[in-house]
Amino acid sequence: MSDTNGPRALLARIRAWLIFFVVCLVLSGLTAFPLVTELRWLDSSLTGWAAPVAQALPGLAEWIHKVAGGVEAAGADAPYLLYGTDWLAFAHLVIAVAFYGVYRDPVRNIWVVEFGMIACAGIIPLALICGPIRDIPFWWSVIDMSFGVFGILPLIHVRRMIKRLEAADGAVTPTAARTSPA
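Residues numbered from 1 in each chain as written. Predicted model: local features only at pLDDT ≥ 70, side-chain atom pairs only at ≥ 80, totals over all residues. Heavy atoms only, no water.

S.K.: Help me out: how do you make sense of the overall build of the protein in this one?
M.R.: On a plain count of helices and strands, the protein comes out with eight helices and zero strands. Scanning the protein from its N terminus toward the C terminus, one meets helices and strands in the order α-α-α-α-α-α-α-α. Across its three principal axes, the protein shows a C-alpha extent of roughly 60 × 35 × 35 Å. Just so you have it, the protein exposes about 11400 Å², and 69% of that area is on carbon and sulfur atoms. (Helix = DSSP H or I, 4+ residues; strand = E, 2+ residues; numbered from the N terminus. Areas by Shrake-Rupley, 256 points an atom, 1.4 Å probe, with all protein chains shown as cover.)

In structure tokens form, the structure reads like this:
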């Protein structure tokens, strides 16, 4: 497939997809910091304004209530356990920073996209192995696995576009794309 608007347009699309992916990764990471507060809010909403959801999905409401209680108890009795979720959040942010290299020079740093794809694929065996060990309901493991699926899809698309950029005749470098007049 050829790009009718040339390498510069392809580079712009790659960067737009990378921004989308990084924003999602950062938001996902940031939600791990206020975990106790978020779960308290979610649990109370299932008995309030979101009660129809709890009535339609009682297993979900029961699970959220159980997790909220456990995380709140851990926060009160053993706050150092929640330090693990702080590290989870930090890992998301660090991985997001790695994608800046792809933004700057996609062809040279395609390995970061491929690393991200491997990480997304790794979510599936992690959820299938660790979920049962930690007494996570299977349906929740499926939700966790969906993050890998939804994460890998834009990365596959970005990788394909990077390969097209690499193969483009007279491909511009990212530096040239920024400094050349349009």
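S.K.: I'm lost on the state of the cysteines in this one. Help?
M.R.: By definition, a disulfide links the sulfur atoms of two cysteines through a covalent bond. Under the defined criterion, the tally for this structure stands at zero disulfides. The cysteine cysteine 24 is free of any disulfide, with cysteine 120 supplying the nearest cysteine sulfur at 11 Å. For cysteine 130, which is in no disulfide, the shortest distance to another cysteine sulfur is to cysteine 120 and amounts to 17 Å. On the accessibility criterion, cysteine 130 (31% relative accessible area) is partly exposed. (Disulfide = S-S within 2.5 Å. Buried < 20%, exposed > 50% of the residue type's maximum accessible area, 1.4 Å probe, protein only.)

S.K.: In this structure, what is going on with the nonpolar core? I would like to understand it.
M.R.: In a soluble, globular protein the nonpolar side chains are often hidden away together inside. Ile14, Phe99, Val102, Val113, Leu155, Val158 and Ile162 are the most contacted members of the largest nonpolar core, which totals 20 residues. Put simply, the parts of the chain that give this core at least two residues each are α1 (6-30), α5 (83-104), α6 (110-133) and α7 (138-167). Beyond its immediate chain neighbours, meaning those up to four positions away, isoleucine 14 contacts Pro106, Val158, Met161, Ile162 and Leu165. (Core = buried A, V, L, I, M, F, W, Y, C linked by side-chain atoms within 4.5 Å. Contact = heavy atoms within 4.5 Å.)

S.K.: What is the right way to look at helix α2 (residues 35-45) in this model?
M.R.: Residues lying three or four places apart along an α-helix face the same way, a consequence of the helix completing one turn every 3.6 residues. Leu39, Asp43 and Ser45 are the residues of α2 that are buried. One side of α2 carries all its buried residues, which in axial view fall inside an arc of 165 degrees. Turned more than 90 degrees away from the buried face of α2, the exposed residues are Thr37 and Trp41. Looking at the packing, one finds that the buried side of α2 touches α3 (51-56) and α4 (58-77). (Arc of directions from axis to C-beta.)

S.K.: Hey, could you run me through the environment of serine 45 in this one?
M.R.: As for its position among the elements, serine 45 is in helix α2. With a relative accessible area of 4%, serine 45 lands in the buried category. Along the backbone, serine 45 and alanine 61 are 16 residues apart, and their C-alpha atoms lie at a distance of 9.9 Å. Apart from residues no more than four positions distant in its own chain, serine 45 is found in contact with Ala50 and Ala51. At 2.7 Å, the side chain of serine 45 forms a polar contact with the backbone oxygen of leucine 42. (Polar contact = N/O pair within 3.5 Å; in protein donor to acceptor, adjacent residues only side chain to side chain.)

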